[in-house]
Amino acid sequence: MTSRLVVLISGNGSNLQAILDACKSGELLASVVCVISNKANAYGLTRAKNAGVEAIHFVKLENETRQEYDKRLADFVITKQPDYIVLAGWMRILSSAFLNHFPNRVINLHPALPDTFVGTYAIERAYEAYQKGEIDHTGVMVHLVPDEGVDDGPVLAKQEINFIQNETLEDFETRVHKVEHKLLVQTLKNLLTDNVRFNP
Ligand code: GAR
């Protein structure tokens, strides 16, 4: 059975692209049924359109609270009947007004190991910590999102990444993204193997 994925993004969407490619090649027995961005100019929306996938800029209305936005977002996502909702560079905290609708169905990717460098600019901050001699490795992880904790929740997969001497931040970032693309697809593959269809 082909699983249904909704992917939430805020930017470039290289991880979304990895998922789209894996769906197309058959590596993932899934299809991305909708891509949603909270940012109008997210390049990931173009990637979605190029792949023939519905691409939505989900605009925050004036005076709308976080809970109201999240409830409206959940109501929209429910109409897509997703098996999983993948946060692939979605840089906005989701409240229980969204998460309570999708227990064990929301998956987040974060470019750091559990309990390290939570939030934004994790790659840059890890690189800086290495330059200061504070760490010799970092990593990436994929985890479930049970509540409003930032980049926190039951870990589904993680992979360590060692620093390389004299590597530029740009090269390091490229290396991290390559690891992310593989880990995210592999984790989804593992989850979908035991997929149970979601009924809202
Ligand atoms: C990825 O590195 C992802 O791990 C990170 O945003 C980037 C999105 O890249 N997410 C977080 O930092 C979540 N806290 P992409 O748009 O090219 O997929």
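Here, every reference points to the structure presented above.
Below or above, wherever it landed, is the structure these notes cover.

**What to know about the pairing of strand S2 (residues 30–37)**
Then step 1. Of all eight residues in S2, seven are buried; the element is thus mostly enclosed.
Then step 2. Relative to S2, strand S1 (residues 3–9) runs parallel, the two being bridged by seven bridges. When the sheet's bridge partners are listed, arginine 4 is paired in S2 with serine 31.
Then step 3. Running through helix H1 (residues 14–25), the crossover from S1 to the neighbouring parallel element S2 is right-handed.
Then step 4. With three bridges connecting them, S2 and strand S3 (residues 55–57) associate as parallel partners.

**Focus on the site of the ligand**
Then step 1. Around the ligand, the surrounding shell holds 13 residues, and the nearest of these are Gly13, Ser14, Asn15, Asp151 and Glu180.
Then step 2. Mapped by element, the contributors of at least two residues to the shell around the ligand are H1, strand S5 (106–110) and helix H6 (169–193).
Then step 3. Counted by class, the shell around the ligand contains three nonpolar, eight polar and two charged residues.

**Some details on the side chain of serine 10**
Then step 1. Position of serine 10 among the secondary structure elements: in the loop between S1 and H1.
Then step 2. Of the polar contacts made by the side chain of serine 10, one reaches the backbone nitrogen of methionine 91; its length is 2.8 Å.
Then step 3. Once residues lying within four places of it in the same chain are set aside, the contact partners of serine 10 are Ser37, Asn38, Lys39, Ala42, Gly89, Trp90 and Met91.

**Overview of the packing of helix H5 (residues 122–131) against H6**
Then step 1. At a closest axis distance of 10 Å, the pairing of H5 and H6 adopts a crossing angle of 125°. Between H5 and H6, the angle is such that the two are oblique. As for how H5 packs across H6, the hand of that crossing is right-handed. The residues of H6 that touch H5, namely those facing Ile123, Glu124 and Tyr127, are Leu169, Phe172, Glu173, Val176 and His177.
Then step 2. Its residues assigned to classes, the contact of H5 with H6 comprises five nonpolar, one polar and two charged.

Procedures and definitions
Each residue is numbered by its place in its chain's sequence as written, counting from 1. With the structure being a predicted model, the display of local features is reserved for residues of pLDDT at least 70 and the display and counting of side-chain atom pairs for 80 or more, all residues being used for whole-chain, interface and lining totals. Here the side-chain values reflect all heavy atoms present in the structure, with hydrogen atoms and water set aside. When a residue's accessible area, from a 1.4 Å probe over protein chains only, is under 20% of the maximum for its type it is buried; when over 50% it is exposed; and in between it is partly exposed. Think of it this way: any DSSP run of H or I at least four residues long counts as a helix, any run of E at least two long counts as a strand, and we number them from the N terminus. Two strands make a pair as long as DSSP finds a minimum of two bridges between them. Note on handedness: a crossover is taken as right-handed if, strands pointing away from the viewer, the path from the first strand over the helix to the second is clockwise. Throughout this document, a residue counts as near a molecule or strand when at least one of its heavy atoms sits within 4 Å of that molecule or strand. The residue classification treats Ala, Val, Leu, Ile, Met, Phe, Trp, Tyr, Cys and Pro as nonpolar and Asp, Glu, Lys and Arg as charged. All others, Gly included, are polar. For the purposes of these results, a polar contact is taken to be a pair of N or O atoms within 3.5 Å, where, inside protein, one atom must be able to donate a hydrogen and its partner to accept one; residues adjacent in sequence count only when each atom of the pair is a side-chain atom. Any two residues whose heavy atoms approach within 4.5 Å are treated as being in contact. Between N-to-C directions, angles cover 0 to 180 degrees, with each direction set by a line fitted to C-alpha atoms, over the stretch in contact for helices. For classification purposes, an angle smaller than 35 degrees is called roughly parallel, one larger than 145 roughly antiparallel, one from 65 to 115 roughly perpendicular, and anything else oblique. Should the near helix be turned anticlockwise from the far one by less than a right angle, the crossing is termed left-handed; should it be turned clockwise, right-handed.

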